[in-house]
Amino acid sequence: MAQPNKNLNKLSDLELSIQISLSGLSFCILQKEFQTISALKHFNFNKKLPPLELLDYFKNIFNTETALQESFSNICVIHDNELSTLVPKPLFEEGSLADYLKFNSKILKSDFITHDDIVLNDSVNVYVPYININNFIYEKFGSFTFKHISTVLIEEILLIEKNTNTTKVYLNVNKNHFEIVIIEKGQLLLYNTFEYTTKEDFIYYVLFTAEQLKLNPETLNLVLIGDINKEDDLYQIAYKYIRNVGFGSRNDTYKYNEKPKYDYSDFTLIKSF
């Protein structure tokens, strides 16, 4: 989804990617000519913020971070929340956006609802963006693109797994929630997102999802991306119950002034370029 053109500096060599949720935000800057990520920063909140507080925090970061004072040729905002649902393209009607969402998400009459096309899956991702964040970015920069985090995840994982013949279960792990994308023979089988507070919550949701799809923990391939490593309790408990656990990769060729933690972290943020 793209906002109409206003005043982005098309002569700039810099592109900005921002990922925003109620519990944190991150951004990175790509110097396109040299294919170099020149800035990569994360801000974790101690709690989930109400949307108005989120906007105040967001504005403060833009006013205080030197890297964000530059001009950008392209900006992409990734909205990270649970307010999304997938609709097969042949069944999609633009006038029914609220109807698609209301069955699995709590939405308000005042919510702005939009959608992304996922061409590789012949589907439409219907979701609620943080519209106050979008408005702020538009007022400050003009033209920009925004997507839901699940759009980026599904598109990129489908590209990675397009020739696979096995079933892969991807988990994009964040501090208090994770997204799950399951691919079977190169096709999307399931997408969902879960909040967790303990490692037991985490593994329960993973195993419950596998059980519903009749996937055997002894044979399925679990691929971890995001903020997780082998020392984490989440990894340890996953490895206890699932035989094949590994880590994914962004498969990017960027140079980095500030390297991500791992080859598989900041997956959606960096893959949005």
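Relevant structure appears above.
This section reports on the structure supplied with the text. (Residues numbered from 1 in each chain as written. Predicted model: local features only at pLDDT ≥ 70, side-chain atom pairs only at ≥ 80, totals over all residues. Heavy atoms only, no water.)

## Focus on the pattern of salt bridges
Phase 1 of the analysis: If you walk through the whole model with that rule in mind, you get nine salt bridges.
Phase 2 of the analysis: The shortest N-O distance in the salt bridge between Glu 218 and Arg 243 comes to 2.7 Å. Of the two residues, Glu 218 is situated in the loop between helix H5 (199-212) and strand E12 (221-226) and Arg 243 in the loop between helix H6 (233-241) and strand E13 (244-247); the sequence distance between them amounts to 25 residues.
Phase 3 of the analysis: A residue is classified by how much of its surface remains accessible, and Arg 243, at 53% relative accessible area, is exposed. (Salt bridge = Lys/Arg side-chain N within 4 Å of Asp/Glu carboxyl O. Helix = DSSP H or I, 4+ residues; strand = E, 2+ residues; numbered from the N terminus. Buried < 20%, exposed > 50% of the residue type's maximum accessible area, 1.4 Å probe, protein only.)

## Some words on H5
Phase 1 of the analysis: Its 14 residues place the ends of H5 20 Å apart at the C-alpha level, agreeing with the 20 Å of an ideal helix rising 1.5 Å per residue.
Phase 2 of the analysis: Taken together, the buried positions of H5 are Phe 202, Ile 203, Val 206, Thr 209 and Ala 210. Axial view of H5: buried residues confined to an arc of 130 degrees, hence all on one face.
Phase 3 of the analysis: Tucked inside the fold, the buried residues of H5 contact strand E9 (167-173), strand E10 (177-184), strand E11 (187-195) and H6.
Phase 4 of the analysis: With its phi angle positive at about 55 degrees, Lys 214 sits one or two positions after the end of H5. (Expected span 1.5 Å × (residues − 1). Arc of directions from axis to C-beta. Contact = heavy atoms within 4.5 Å.)

## What to know about the pairing of E13
In summary, the side chains of a regular strand alternate between the two faces of the sheet.
Phase 1 of the analysis: Judged from the four bridges that link them, E12 and E13 form a sheet pairing that is parallel. When the sheet's bridge partners are listed, Leu 224 is paired in E13 with Phe 247.
Phase 2 of the analysis: Following the chain from E12 across H6 to the adjacent parallel E13, one finds a crossover that is right-handed. (Pairing = 2+ DSSP bridges. Right-handed = clockwise from strand over helix to strand, strands pointing away.)

Treat this as a map of the structure, not an account of what it does.
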